[in-house]
Amino acid sequence: FLPLDEIQGDILIGMKKPKQLFFFYNIQDPKKFKQVLAKLIYPHITTTSQLICTTCPQPKALLNVAWTSKGLNKLNVFDNNLDPFFNMGQVPDANALGDDNPPQNWVPGLYMDKTDGVFLIASKDWAPIDTLLAQILSWLGTSIVEVHRLKGAHRTGIWEGHEHFGFLDGISQPAVAGFATSIFPGQSLILPGTILTGEIGDPFEFSRPSWMKWGSFLAFRQLQQFVPEFDNYLLHEASAIPDGSRTVQERADLLGARMIGRWKSGTPTDLAPDFDIPSIGPDFNLNNDFDFDHPAPFNLAADQSFCPFSAHIRKIRPRADQGNSNFANQIMRAGIPYGDDVTDVEWDSNTTKYERGLAFVSYQSDISSGYRFQQVAWANDVNFVGGKIDPTPGFDPIFGQNGAGPIFSSGIDYTDPNHDLTFMSFVLSRGGEYLYSPSMSAILNPVAA
Ligand code: N7H
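Because the structure is a prediction, the values reported are computed rather than measured.

J.: In this structure, what is going on with the packing of helix α2 (residues 30-41) against helix α13 (residues 440-447)? I would like to understand it.
T.: Each pair of packed helices can be summarised by the angle the axes make with each other and by the distance between the axes. Axis separation between α2 and α13 bottoms out at 10 Å; the angle between their running directions is 150 degrees. Judged by the inter-axis angle, α2 sits roughly antiparallel to α13. In this structure, α2 meets α13 at a crossing whose hand is left-handed. Packed against α2, whose contacting residues are K34, L37 and A38, the element α13 presents I443, L444, P446 and V447 at the interface. Looking at side-chain class alone, the contact of α2 with α13 contains 6 nonpolar, no polar and 1 charged residues.

J.: Help me understand the site of the ligand, please; the structure alone is not making it clear to me.
T.: Neighbouring the ligand are 26 residues; E163, I171, S172, H312 and R319 lie closest to it. Separating an oxygen atom of the ligand from a side-chain N or O atom of E163 is a distance of 3.2 Å. One nitrogen or oxygen atom from the side chain of R319 is found 2.8 Å from an oxygen atom belonging to the ligand.

J.: I tried to follow the coordination of the iron atom of the ligand on my own but got confused; where do I start?
T.: Protein coordination of the iron atom of the ligand rests on one atom only, H312 (NE2), at 2.2 Å. Turning to its location among the elements, H312 is positioned in helix α10 (residues 312-315).

J.: What should I look at first to understand the packing of α2 against helix α7 (residues 126-140) in this one?
T.: In the contact formed by α2 and α7, the axes pass within 9 Å of each other and the chain directions differ by 135 degrees. Compared by their axis directions, α2 and α7 come out oblique. Taken as a pair, α2 and α7 cross one another with a handedness that is right-handed. Contact residues: K32, F33, V36, L40 and I41 in α2; I136, W139 and L140 in α7. Grouping the constituent residues of the contact of α2 with α7 by class yields 7 nonpolar, no polar and 1 charged.

Parameters and conventions
Along each chain, residues carry numbers from 1 onward, in the same order as the chain's sequence is written. Only residues with pLDDT of at least 70 are given local features in this predicted model, and only at 80 or more are side-chain atom pairs given and counted; all residues enter the totals for whole chains, interfaces and linings. The side-chain values count all of the structure's non-hydrogen atoms but skip hydrogen atoms and water molecules. Where helices are involved, their axes are fitted lines through C-alpha atoms of the stretch in contact, as for all axes, and angles between N-to-C directions lie from 0 to 180°. Put simply, DSSP marks the helices as runs of H or I at least four residues long and the strands as runs of E at least two long, and each gets a number from the N terminus on. Each angle is binned into one of four classes, with values under 35 degrees roughly parallel, values over 145 roughly antiparallel, values of 65 to 115 roughly perpendicular, and all other values oblique. The hand of a helix crossing depends on one turn: near helix anticlockwise from the far one by less than a right angle means left-handed, and clockwise means right-handed. Contact criterion: two residues are considered in contact whenever any of their non-hydrogen atoms come within 4.5 Å of each other. Here the nonpolar group is Ala, Val, Leu, Ile, Met, Phe, Trp, Tyr, Cys and Pro; Asp, Glu, Lys and Arg are the charged ones; every other residue, Gly included, is treated as polar. In these notes, residues near a molecule or strand are those with any non-hydrogen atom within 4 Å of it. Here a polar contact means two N or O atoms within 3.5 Å. Within protein one must be a hydrogen donor candidate and the other an acceptor candidate, and residues neighboring in sequence count only if both atoms are side-chain atoms. For Na, K and Ca the donor cutoff is 3.2 Å, while for all other metals N, O and S atoms must lie within 2.8 Å; water is not among the atoms, so some sites may look incomplete.

As structure tokens, then:
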């Protein structure tokens, strides 16, 4: 079993609060920072054992902490952590990630590459977050300066739990051996070291410095979503599809579902290919109980009638396409939407005026096997998944990136799988960071020592 009081709360289960602040900072006075961290901030950091304890009093605001490679160096931690992408940082990696937005167009704080650390503060309301942040800032005084802040918030009302395109999120996460108490049908069981450094399954389990046990690398991305443009594009494509049995809106809904591989309700198209069955979406005994394969005469290499090869959830978890055997390239997602819902003015003009999107957070023991693998080797590789009748399934239509160029995805048009849809991505990178979220012991030593 894993020592849950050593593992920060966001890593294995997510802080899962309706509001979350990401506060990125640069360290000016490492000595003072270390003192304040050890004495005043440390007691506020929320562990996994605290989060899962149903009888313990829960803090009003939850806090997690992580540092960039530059930040750790400033704090005198120079051990070889064995992650070249973490050490390089995300700005120089943007090109290789295929970023549709060059770093000079990122939000300035992230582009300047000045982040040493981040505070992740989550709560039911903003007031406890503001109070804890004000306290932390008053303790730290001039020992840090703010680089960037992003306020994430769950959507409300009928869109509770859905991201800005309208799809239910937070459905599929791997179960971690040594932590999960049950496994739902279709959920994958992964080794703890897929997520936690120094644990069984970490590709560098035996070579990391010992203090890295039970920490995790955090890949952060601020991903802007162009929602009215996305909906308008689906309607435009739908109007050209020769299907008299559906209204244009119904055709657009089906195209959108095929881009994700799930209907807005969360129901997988692999279980409901033609019409949504909304009761499946929120039901964890059913909503992952599929693997894209079906009984004969179904041909896994040729038939996209249930789910296109390029669908988001198929590109980033290929299931039967890889013999249900890929456990090494999985991640824990702990992101949250940011920005307000689309306004009437934006709907009326089909144009985004106010930034909204996903504050994407993934945890993995190795950035190149986790976030980066999913982005580069899967989402951006037009030949993946291979071995299909169509040798180029195309980009992941949600977050596949092709630099400044358009992306194409095949199989989305249910009347003609050979008809590639080509479009400018509706998700734009606004920047990001690679950080490391250490164990509780490691926060005290070496980070704060
Ligand atoms: Fe994705 N979306 O709302 O459209 N994602 N994602 N994602 N995503 C998933 O299963 C979305 C992004 C994964 O096991 C669902 O919880 C959006 C990045 C993984 O079946 C929906 C953005 C990366 C899964 C979305 C975005 C991933 C997953 C279905 C960007 C990694 C689980 C709900 C703005 C590099 C796959 C669910 C599985 C699911 C959306 C980005 C990864 C609806 C809008 C950058 C691993």
